[in-house]
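Spelled out from the first residue to the last, the chains are:
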Amino acid sequence: MEEKKPTGNVVETKSFTFANLPVQLTLEMGEKLGPVTLAYETYGELNTDKSNAVLVLHALSGDAHAAGLDKRGVTGWWNSLIGPGKGLDTNKYFVVCSNVLGGCKGSTGPASTSPSTGKPFGTDFPLVTIGDMVLAQKYLIDHLGIDKLLSVVGGSMGGMQALQWMASYPDRICSAVPISTTLKHSPQQIAFNEVGRQAVMADPAWKGGNYYGNCIPGRGLAVARMIGHVTYMSEASMAEKFGRRTRENKEPFKFSADFEVEGYLRYRGDSFVRRFDANSYLYITKALDLFNILNGHQIGDVFRGLKAKVLVLSFKSDWLYPSYQSQEIVKACKLSGVDASYCELTSDYGHDAFLLETEQERQLIGSFLKTVANSNCNGGYSH
Amino acid sequence: MNNNGGSDRAIIADWVGEGSSVLDLGCGDGVLLLTLARDKSVRAQGIEISDEAVHSCVAAGLSVFQQDIDTGLAEYADKSFDFVILNQTFQQVKKPDYVLREALRVGKKVIVGFPNFCYFADRVQIFLRGKVPVTASLPYQWFDTPNLHFLSIADFMEYCQKREIKIEQTRFFAKNRRVRFLPNLRGEVGLFLLSK
């Protein structure tokens, strides 16, 4: 994220609180949570019949700030896709993005204050699932008065949320675009997340999750993020970006960051620590690992009856969420009789491609959404 | 690609029943599926490997899957489509025998269309010029062609007999005109409606 001086309209992050006591939200694992706050942003205008709303769903480390500039001058994480004239054209669509339940960017999560103790939840925060994140989003969509979303769009964990919308609230969406994602986390994906969690929990500053107000487990979280970044890139993109180039200003220490790739990972790790809560990292990676949209269903039944149009996208060099996992989603759609399409896009960027390789993605999503909007799914909205 | 000016589309549209389900293997930019959706209200689905063609299909609102049909149709149940179409794709797949078997498993009926390699203009080029033919229906040079198999109408009919595939209907044409006599000599393109 680059910082620029805000020019023109600064996007404001709003918040919505629901499930106030005594009406609490019942989570998938049976625990109760409330009140619940979601931070969210909106771009574009909701039309009069409220039929042009698109919900954008963020990945592991994302937040509600998907597009435009915030008051600190930071550009949104999917600004290349969302904006006037872009794939998610804010001249036509009302785009909504909220920070997930369990997150640390304004939505209720482990760093929030527990109403029963008056202190941060820490690890007393209940386990949340992708299903719980989507349930909370449904409350927000209800609050905004939107009966049926024109689309739900997201990559990686955002793609899982899109799949969850398809399975849980099929009548509330006209279409879905799950990108670089999976029906369920594989052992390899779980393994990488577990190494990240162990790094956090092995940091003495973690203190069982009760570090708020004290030193944060920054070393552990930075290592977790470094592992993450390795899995988000491809061998080719690393070779292209860093080669075996060494850094200038080397420190006089045997294990200093000699290579540019080392310096890059350290930088990404350190900057992540400044903007992300370590406990949120544990909870959200756990939600990813627990994700299994099949949940006992046959693959041909999970989306049965879904009327929404689905566009599944994957990227060739993505080895963390490889194309075969997207093809499994496609298989589930085909067997369920869902109106679906699948494109495998060319890119060297690995898993990061869905955030970076936006030109083809932008065109595809743009033209797909146009056909959805013209299909009158949502009470005659057209442009 | 072939230059029969859409005669094949008209015949296929004639064979395909109103409101039926259609899977087009190698659907290209989706022109045939769009015709069938418009004229016959079919439930259309396409499989295509080329990036640009797939993107065109998405922009046209078609259901399309970027996939290699040579790897089979494992995710489709038996007889899950009324029609499976292999129009101008059959001679371009690596394993035509396997692909056609899969098409006949998934479709109640299968439509196959291909350029006839023994059309007289092709024969003339082979015999008189001693060269691999380049004609309207086979427009490619030998070193740069998507066509991997060269078959004649007679070859295909013999093949169907051997595989016990029922030929329900045929249509042959050259330069947009129907050919009734000596199709293996005078037909530039053959279309077959098959079942098993």
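Values in this document were obtained by computation on a predicted structure and should not be read as measured data. (Residues numbered from 1 in each chain as written. Chains lettered and ligands numbered in written order. Predicted model: local features only at pLDDT ≥ 70, side-chain atom pairs only at ≥ 80, totals over all residues.)

### Remarks on the overall build of chain B
Inclusion rule: Comment: elements are numbered from the N terminus, with helices defined as DSSP H or I runs of at least four residues and strands as E runs of at least two. Here the globule rule reads 2.2 Å times residues to the power 0.38, and the radius of gyration is calculated from C-alpha atoms. The exposure scheme places C-beta atoms from the backbone and then counts, for each residue, the other C-beta atoms within 10 Å of its own, assigning buried at 20 or more, exposed at 12 or fewer, and partly exposed in between.
Of the regular secondary structure elements, chain B holds seven helices and eight strands. For 196 residues, the compact-globule estimate of 2.2 N^0.38 gives 16 Å, and chain B sits close to it at 16 Å. By residue count, 45% of the 196 residues in chain B fall in the buried class.

### Let's talk about the packing of helix α10 (residues 358-374) of chain A against helix α3 (residues 51-59) of chain B
Our working rule: Lines fitted to C-alpha atoms define the axes, with helix axes restricted to the stretch in contact, and inter-axis angles between N-to-C directions lie between 0 and 180 degrees. An angle below 35 degrees is treated as roughly parallel, one above 145 as roughly antiparallel, one from 65 to 115 as roughly perpendicular, and anything else as oblique. Contact between residues is assigned whenever the C-beta positions, reconstructed from backbone atoms, fall within 7 Å. Classification used: nonpolar for Ala, Val, Leu, Ile, Met, Phe, Trp, Tyr, Cys and Pro, charged for Asp, Glu, Lys and Arg, polar for all others including Gly.
Put simply, α10 of chain A and α3 of chain B touch, their axes get as near as 8 Å, and they point 30° apart. The pairing of α10 of chain A with α3 of chain B is recorded here as roughly parallel in orientation. On α3 of chain B, the residues touching Q363, L364, S367 and F368 of chain A of α10 of chain A are H55, V58 and A59 of chain B. When its residues are assigned to classes, the contact of α10 of chain A with α3 of chain B shows four nonpolar, three polar and no charged.

### A look at the interface of chain B and chain A
The interface is formed by 11 residues belonging to chain B together with 16 residues belonging to chain A. Of all the secondary structure elements, the ones that give two or more residues to the side of chain B that touches chain A are α3 and β3 (64-66) of chain B. Of all the elements, α3 of chain B adds the most residues to the side of chain B that touches chain A, at four residues. For the side of chain B that touches chain A, the class distribution of residues is six nonpolar, four polar and one charged.

### A word on the environment of T89 of chain B
Among the structural elements, T89 of chain B can be located in the loop between β4 (81-87) and α4 (96-106). If near-sequence neighbours (up to four positions away) are discounted, T89 of chain B is found in contact with L25 and G26 of chain B.

### What about α10 of chain A?
All names here are of chain A. Going by this rule: By definition here, a helix of n residues has an expected span of 1.5 Å times n minus one. Think of it as the arc spanned by the lines of direction from the helix axis to the C-beta atoms.
Look at α10: 23 Å from first C-alpha to last across 17 residues, which is about the 24 Å you get at 1.5 Å a residue. Looking at α10, one finds that the buried residues are E361, L364, I365, F368, L369, V372 and A373. Across the axial projection of α10, the buried residues extend over an arc of 160°, all falling on one side. Of the exposed residues in α10, those oriented more than 90 degrees away from the buried face are E359 and N374. N376 sits one or two positions beyond α10 and adopts a positive phi of about 65°.

### Observations regarding the packing of helix α4 (residues 218-232) of chain A against helix α6 (residues 260-275) of chain A
Residues and elements named next belong to chain A. What counts is decided by this rule: The handedness criterion is simple: a crossing whose near helix is rotated anticlockwise from the far helix by less than a right angle is left-handed, and one whose near helix is rotated clockwise is right-handed.
Running from N to C, α4 and α6 cross one another at 125°; their axes reach a closest spacing of 8 Å. If you check the angle between α4 and α6, you find them oblique. α6 is crossed by α4, and the crossing has right-handed handedness. On α6, the residues that touch G218, L221, A222, V223, R225, M226 and H229 of α4 are L265, R268, G269, D270, F272 and V273.

### Focus: the environment of V195 of chain A
Checked against the element boundaries, V195 of chain A lands in helix α3 (residues 187-202). With 29 residues separating them in the primary sequence, V195 of chain A and A224 of chain A have C-alpha atoms 7.1 Å apart.

### Some thoughts on the pairing of β4 of chain B
All names here are of chain B. Using the following cut-off: Two strands are said to pair when DSSP picks up at least two bridges between them. For crossovers, right-handed means that the path from the first strand over the helix to the second runs clockwise, given strands pointing away from the viewer.
The buried count for β4 comes to six of seven residues, which makes it a mostly enclosed element. When β4 meets strand β5 (residues 107-115), the two strands line up parallel, connected through six bridges. Each bridged residue has a counterpart across the sheet, and for F81 the counterpart in β5 is G107. Crossover β4 to β5 through α4 is right-handed.

### Comments concerning the domain arrangement of chain A
All names here are of chain A. How we decide: Domain start and stop positions are those given by an automatic or database domain assignment.
Partitioning chain A into domains gives domain 1 (14-185 + 292-374) and domain 2 (189-288). Between domain 1 and domain 2, the C-alpha centre-to-centre distance is 25 Å. Each partner contributes to the interface: domain 1 provides 27 residues, whereas domain 2 provides 24 residues. For the side of domain 1 that touches domain 2, the class distribution of residues is 14 nonpolar, 11 polar and two charged.

### Here's the deal with the environment of N376 of chain A
Secondary-structure assignment places N376 of chain A in the segment after α10. In sequence terms N376 of chain A and D348 of chain A are 28 residues apart; their C-alpha atoms lie 37 Å from each other.

### A word on the confidence of the model for chain B
Residue and element names in this part refer to chain B. Stated precisely, the cut-off is as follows: Each residue gets a pLDDT score, which is the predictor's confidence in that residue and runs from 0 to 100.
Taken as a whole, chain B shows an average pLDDT of 93; of its residues, 97% reach a score of 70 or greater. Confidence scores differ between elements of chain B, with helix α5 (residues 120-129) showing the lowest mean pLDDT of 89 and strand β1 (residues 21-25) the highest of 98. Both confidence scores are given for the complex: pTM 0.93, ipTM 0.90.

### Comments concerning the pairing of β1 of chain B
Residue and element names in this part refer to chain B. For β1, the tally of buried residues reaches four of five residues, placing the bulk of the element in the interior. Following the chain from β1 across helix α2 (residues 31-40) to the adjacent parallel strand β2 (residues 43-48), one finds a crossover that is right-handed. Relative to β4, β1 runs parallel, the two being bridged by three bridges. Paired with V22 across the bridge in β4 is F83.

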